[in-house]
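# Breakdown of the fold
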Amino acid sequence: GLASLAAVGYTAAKSFAGFSDFEQKMAAINTMVDISQPQLASLSDEILNLSTEIPQTASELASAEYQILSAGVKLSDSTTVLKLAAKAAIGGMTDTKTAVDVGTGVLNAYGKPISELGNVYDILFKTVKGGKTTFSELSQSIGGVLPSARAADVDFTEVAGAIATMTKAGIMTPHAVTALKGAIQALSAPTPE
């Protein structure tokens, strides 16, 4: 009787609060990219549908969508990036927002197109699997070495492999990234000879 009615009320309130949060995040997206109401409705539908396929709330996915657009991804490519990041998040045991940060960070640092994102996530998975690091640690640290690596023409695969090797040897991810950045800068610095 009363207990089940309270449970229904709690569930409805919780889902309403979640939907309200989702609507707020979609409004923030709309403010950032200034899209038409039909485009916003379509984007909202895509995110809601994705939340039924992937074990993350629509609100979490909308936050990740905001990050994607903030990273400079075109609206037309954003849901493709969101789907890839959400799947990478599951495999990398992290949230979609973290997967977005690390994936788009690599793309932006190397000037790679969105079509390379799947390959970037494959390389990141190999880094996590082959080393002693996580998507979250890579997201927080890897940006420190990417500009130097790109400037020195060091391929992302080599950067990721070096991080995997160093972390597997017991060096913590942020220290491995700092050491790698130092090595790349030292090797690419002009010498008196």
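Criteria and cut-off values
- Residues numbered from 1 in each chain as written.
- Predicted model: local features only at pLDDT ≥ 70, side-chain atom pairs only at ≥ 80, totals over all residues.
- Heavy atoms only, no water.
- Core = buried A, V, L, I, M, F, W, Y, C linked by side-chain atoms within 4.5 Å.
- Buried < 20%, exposed > 50% of the residue type's maximum accessible area, 1.4 Å probe, protein only.
- Contact = heavy atoms within 4.5 Å.
- Salt bridge = Lys/Arg side-chain N within 4 Å of Asp/Glu carboxyl O.
- Helix = DSSP H or I, 4+ residues; strand = E, 2+ residues; numbered from the N terminus.
- Expected span 1.5 Å × (residues − 1).
- Arc of directions from axis to C-beta.
- Phe/Tyr/Trp six-rings, centres within 6.5 Å; stacked < 30°, edge-to-face > 60°.

## Some remarks on the nonpolar core
Counting 49 residues, the largest nonpolar core has Phe156 and Val159 as the members making the most contacts within it. Leaving out residues up to four positions away in the same chain, phenylalanine 156 has contacts with Val106, Tyr110, Val120, Ile123, Leu124, Ile142 and Leu146.

## A short note on the pattern of salt bridges
According to the stated counting rule, one finds one salt bridge in the structure shown. The salt bridge involving aspartate 21 is made with lysine 25; its shortest N-O contact spans 2.8 Å. One end of the pair is aspartate 21 and the other is lysine 25, both in helix H1 (residues 2-33) and four residues apart, which spans about a single turn. Residue class for aspartate 21 comes out partly exposed when judged on its relative accessible area of 27%. Under the relative-accessibility criterion, lysine 25 is labelled partly exposed at 21%.

## A closer look at helix H2 (residues 37-53)
Taking 1.5 Å of rise per residue, 17 residues should cover 24 Å, and H2 covers 25 Å from first to last C-alpha, within 8% of that figure. Of all the residues in H2, the buried ones are Leu40, Leu43, Ser44, Ile47 and Leu50. Within H2, the buried residues cover an arc of 125 degrees as seen down the axis, which keeps them to one side. Exposed and oriented more than 90 degrees from the buried face of H2 are Pro38, Thr52 and Glu53.

## Quick look at the side chain of threonine 79
As for its placement among the helices and strands, threonine 79 is situated in helix H4 (residues 75-91). For threonine 79, the residues in contact, after removing those within four places along its chain, are Leu43, Glu46 and Glu65.

## Description of unusual backbone geometry
Phi is positive for aspartate 34, close to 50 degrees, though the residue is something other than glycine. The backbone of aspartate 153 shows a phi angle near 60 degrees, a positive value even though the residue is not glycine. When its relative accessible area of 72% is taken as the criterion, aspartate 153 is described as exposed.

## Some details on the packing of aromatic side chains
Evaluation of the coordinates by the stated rule reveals three aromatic pairs. Relative to phenylalanine 156, the ring of tyrosine 110 lies with its centre 6.1 Å away and its plane at 65 degrees, an arrangement referred to as edge-to-face. With tyrosine 110 in helix H5 (residues 96-110) and phenylalanine 156 in helix H9 (residues 156-168), this residue pair connects regions lying 46 residues apart in the sequence. Judged by its relative accessible area of 12%, tyrosine 110 is buried.

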